[in-house]
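Here is how the chains run, residue by residue.
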Amino acid sequence: MRIAVVGATGMVGEIMLKVLAERNFPVTELIPVASEKSVGKEIEYKGQKYKVVGLQTAVDLKADIAVFSAGGDTSLEWAPKFAAAGTTVIDNSSAWRMDPTKKLIVPEINAESLTKEDKIIANPNCSTIQMVLTLAPLHRKYNIKRIIVSTYQSITGTGVKAVRQLENEYAGVEGDMAYKYPIHRNAIPQCDSFEANGYTKEEMKLVRETQKILADNTIRVTATAVRVPVVGGHSEAVNVEFTNDFEVNEVREILQNTDGVVVQDDLDAFSYPMPLFAEGKNEVFVGRIRRDESQPNTLNMWIVADNLRKGAATNTIQIAEYLIQAGLV
């Protein structure tokens with residue numbers, strides 16, 4: 001199994017390599033790929049050193065699977081070239097997510113829709129993945145009518161420059177800024193750029209991707225996405241209105257039996273999800289599960305996950321694992 005990691009020197013690319021190693025992914029040949037400025041650099045994987053190659057070289061090497069985390073423009077230009085060479089691409093950018101000819105996959109929910117013809121597969125946005133993984137089994141049981149979600153998003157979602165900005169501000173050092181404002185001791189109600197409707201791209205990803213993954217355009221979603229000075233993961237306050245009523249204990253039981261979800265909801269022990277504990281873990285954590293007492297059939301939850309793991313790298317590698325298990329590559 002020849003695996004190309006496109007964007008191998010970036011923040012998500014480095015986690016992808018970690019996840020491949022941790023999960024003992026059956027790599028027979030690793031092809032680390034990055035932009036021209038990184039070609040020739042060495043990366044380490046399982047104690048071996050590998051030289052980074054350029055995109056055209058990687059296409060020519062005809063990997064079985066290429067996992068992409070190199071930005072939308074790179075994906076739009078290069079994913080079709082890899083696919084034309086027979087490589088199955090799993091792309092972590094927003095480039096292909098809403099393309100009606102491409103599938104948007106969270107393996108626990110909809111991997112079974114994949115076929116050998118799917119040569120470019122889209123990995124959803126980090127904030128969407130953790131929410132839909134939690135909501136999918138509840139949608140099947142109670143039918144979701146409306147979701148109101150407020151996110152508290154880690155600066156690691158912006159990238160290395162944002163992490164450096166926070167570190168500089170902690171230390172009182174001037175430096176490059178990833179944001180228009182200081183992030184230390186602040187909360188910035190803007191993730192990504194604004195669309196014409198006054199919502200940010202991040203907020204609209206939560207709307208559009210949720211409907212696509214759950215295969216239900218009748219679900220109404222409204223979102224507010226906020227960047228906070230946290231590095232361990234994204235947190236979400238989620239309010240869900242269902243068609244059918246529920247018992248809170250039954251909701252907990254359903255979530256406890258959902259692959260990839262960990263329920264942390266013991267108020268007496270002050271146990272609830274936090275990015276401090278989610279960092280470095282592959283699961284999605286859910287807690288503060290309670291009925292919304294202001295209207296019928298409505299539930300409140302607090303959902304946390306490491307956005308670089310299940311929100312990006314882990315989900316991508318799980319898709320690759322499914323492709324192998326299902327004989328699609």
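Along each chain, numbering runs from 1 in the same order as the chain's sequence is written. Given that the model is predicted, a residue must reach a pLDDT of at least 70 before its local features are reported, and side-chain atom pairs must reach 80 or more before they are shown or counted; all residues, however, enter totals for whole chains, interfaces and linings. Where side-chain values are given, they derive from all heavy atoms of the structure, hydrogens and water being excluded.

1. Overview of the UniProt feature "binding site: substrate" (unreviewed entry) in the protein
Per the UniProt record, the feature "binding site: substrate" (unreviewed entry) sits at Gln153 and Arg227. With the annotated positions falling across 75 residues, the maximum pairwise C-alpha distance of 4.7 Å places them together in a single cluster. With respect to the secondary-structure elements, glutamine 153 resides in strand E8 (residues 144–153). Per-residue accessibility, obtained with a 1.4 Å probe over protein chains only, is compared with the maximum for each type, and a residue is labelled buried under 20%, exposed over 50%, and partly exposed between these values. Given a relative accessible area of 1%, glutamine 153 falls into the buried group. In what follows, residue pairs with any heavy atoms lying within 4.5 Å of each other are defined as contacts. Leave out the neighbours within four places in its chain, and glutamine 153 touches Ser127, Cys191, Glu202, Ala225, Val226, Arg227, Val228 and His234. Counting of polar contacts relies on pairs of N or O atoms within 3.5 Å, with two restrictions inside protein: one atom must be capable of donating a hydrogen and the other of accepting it, and residues adjacent in sequence are counted only when both atoms are side-chain atoms. Of the polar contacts made by the side chain of glutamine 153, one reaches the side chain of glutamate 202; its length is 3.0 Å. UniProt positions are given in the numbering used here, feature names are shortened, and annotations may be inferred rather than shown by experiment. A run of H or I in DSSP becomes a helix once it reaches four residues, and a run of E becomes a strand once it reaches two; helices and strands are each numbered from the N terminus.

2. Focus: the nonpolar core
Of all hydrophobic cores here, the largest spans 56 residues; its most connected members are Phe82, Leu135, Leu138, Ile147 and Met301. Per-element tally for this core: the top contributor is helix H5 (residues 126–142), with 8 residues. Counting 31 residues, the second largest nonpolar core, distinct from the first, contains Val12, Phe25, Ile43 and Ile319. For our purposes a nonpolar core is just a set of buried Ala, Val, Leu, Ile, Met, Phe, Trp, Tyr and Cys residues, chained together by side-chain atoms within 4.5 Å.

3. Quick notes on a nonpolar patch on the surface
Like-charged residues are merged into a patch within 9 Å and nonpolar side chains (Val, Leu, Ile, Met, Phe, Trp, Tyr) within 5 Å, provided each residue has over 30% relative accessible area and no salt bridge. In these tables, accessible area is a Shrake-Rupley quantity obtained with a 1.4 Å probe, and a residue counts as shielded only by the protein chains included in the view. A carboxyl oxygen of Asp or Glu within 4 Å of a side-chain nitrogen of Lys or Arg is what we treat as a salt bridge. Together, Leu267, Phe270 and Tyr272 make up an exposed nonpolar region whose accessible area comes to about 350 Å². Relative to the elements of secondary structure, tyrosine 272 occurs in the loop between strand E11 (261–263) and helix H9 (275–278).

4. What to know about the pairing of strand E12 (residues 284–291)
Along any regular strand, the residues point their side chains to alternate faces of the sheet. In terms of strand pairing, E11 meets E12 through 3 bridges, oriented parallel. When the bridges of E12 are listed, valine 262 appears paired with phenylalanine 285. Summarising the sheet, E12 and strand E13 (residues 298–305) pair through 6 bridges and their orientation is antiparallel. Note that in E13 the partner of arginine 290 across the bridge is asparagine 300. Paired strands are those between which DSSP finds at least two bridges.

5. Thoughts on the packing of H5 against helix H8 (residues 248–256)
Angles here are taken between N-to-C directions and fall from 0 to 180 degrees, while the axes themselves are lines fitted to C-alpha atoms, restricted in helices to the stretch in contact. Where H5 meets H8, the axes come as close as 9 Å, and the angle between the chain directions of the two elements is 125°. For the element pair H5 / H8, the angle class is oblique. Crossing angle aside, the handedness with which H5 passes H8 is right-handed. Where H5 approaches H8, its residues Thr134, Pro137, Leu138, Lys141 and Tyr142 are matched on the opposing element by Glu250, Val251, Ile254 and Leu255. The residue inventory of the contact of H5 with H8, partitioned by class, reads 6 nonpolar, 1 polar and 2 charged. The labels follow the angle: roughly parallel below 35 degrees, roughly antiparallel above 145, roughly perpendicular from 65 to 115, and oblique for the rest. Crossings are assigned a handedness: left-handed for a near helix turned anticlockwise from the far helix by less than a right angle, right-handed for a clockwise turn. Three residue categories are used. Nonpolar comprises Ala, Val, Leu, Ile, Met, Phe, Trp, Tyr, Cys and Pro, charged comprises Asp, Glu, Lys and Arg, and polar comprises the others, including Gly.

6. Section: the pairing of E8
Where E8 lies against strand E10 (residues 234–242), 8 bridges are found, and the strand directions are antiparallel. Bridging from a neighbouring strand, isoleucine 148 pairs with asparagine 239 of E10. Two strands pair when backbone bridges link them, and E8 and strand E9 (residues 220–227) are joined in this way by 8 bridges, in the parallel orientation. The residue of E9 that forms the bridge with tyrosine 152 is valine 226.

7. Remarks on H5
Along its 17 residues, H5 runs 25 Å from first to last C-alpha, staying within 8% of the 24 Å computed at 1.5 Å per residue. Taken as a whole, H5 carries its principal kink of about 35° at leucine 135; the proline proline 137 stands between one and four residues after it. Among the 17 residues in H5, 15 count as buried, and that is most of the element. In a helix, the anticipated span is given by 1.5 Å times the number of residues less one. Each residue is assigned a bend, namely the angle between axes fitted to the seven residues that terminate at it and the seven residues that start at it.

8. Section: the pattern of salt bridges
The final tally for this structure, using the stated rule, is 17 salt bridges. Residue arginine 2 pairs with glutamate 29 through a salt bridge whose shortest N-O separation is 2.8 Å. Of this pair, arginine 2 sits in strand E1 (residues 2–6) while glutamate 29 sits in strand E2 (residues 29–33), and the two are 27 residues apart along the sequence. Since its relative accessible area comes to 24%, arginine 2 is described here as partly exposed. Residue classification places glutamate 29 among the partly exposed positions, given a relative accessible area of 32%. The salt bridge involving glutamate 77 is made with lysine 81; its shortest N-O contact spans 3.7 Å. Here lysine 81 and glutamate 77 lie together in helix H3 (residues 72–84), a separation of 4 residues that amounts to about one turn. Assessed through its relative accessible area of 35%, lysine 81 is described here as partly exposed.

9. Some points on the UniProt feature "binding site: phosphate" (unreviewed entry) in the protein
Mapped onto this numbering, the UniProt entry annotates "binding site: phosphate" (unreviewed entry) at Arg97. By secondary structure assignment, the location of arginine 97 is in the loop between strand E6 (88–91) and helix H4 (107–110). With near-sequence residues (within four places) excluded, arginine 97 lies in contact with Asn92, Leu104, Ala122, Asn123, Pro124, Asn125, Lys205, Glu209 and Lys212. One polar contact links the side chain of arginine 97 to the main-chain carbonyl oxygen of asparagine 92, over a distance of 3.0 Å.

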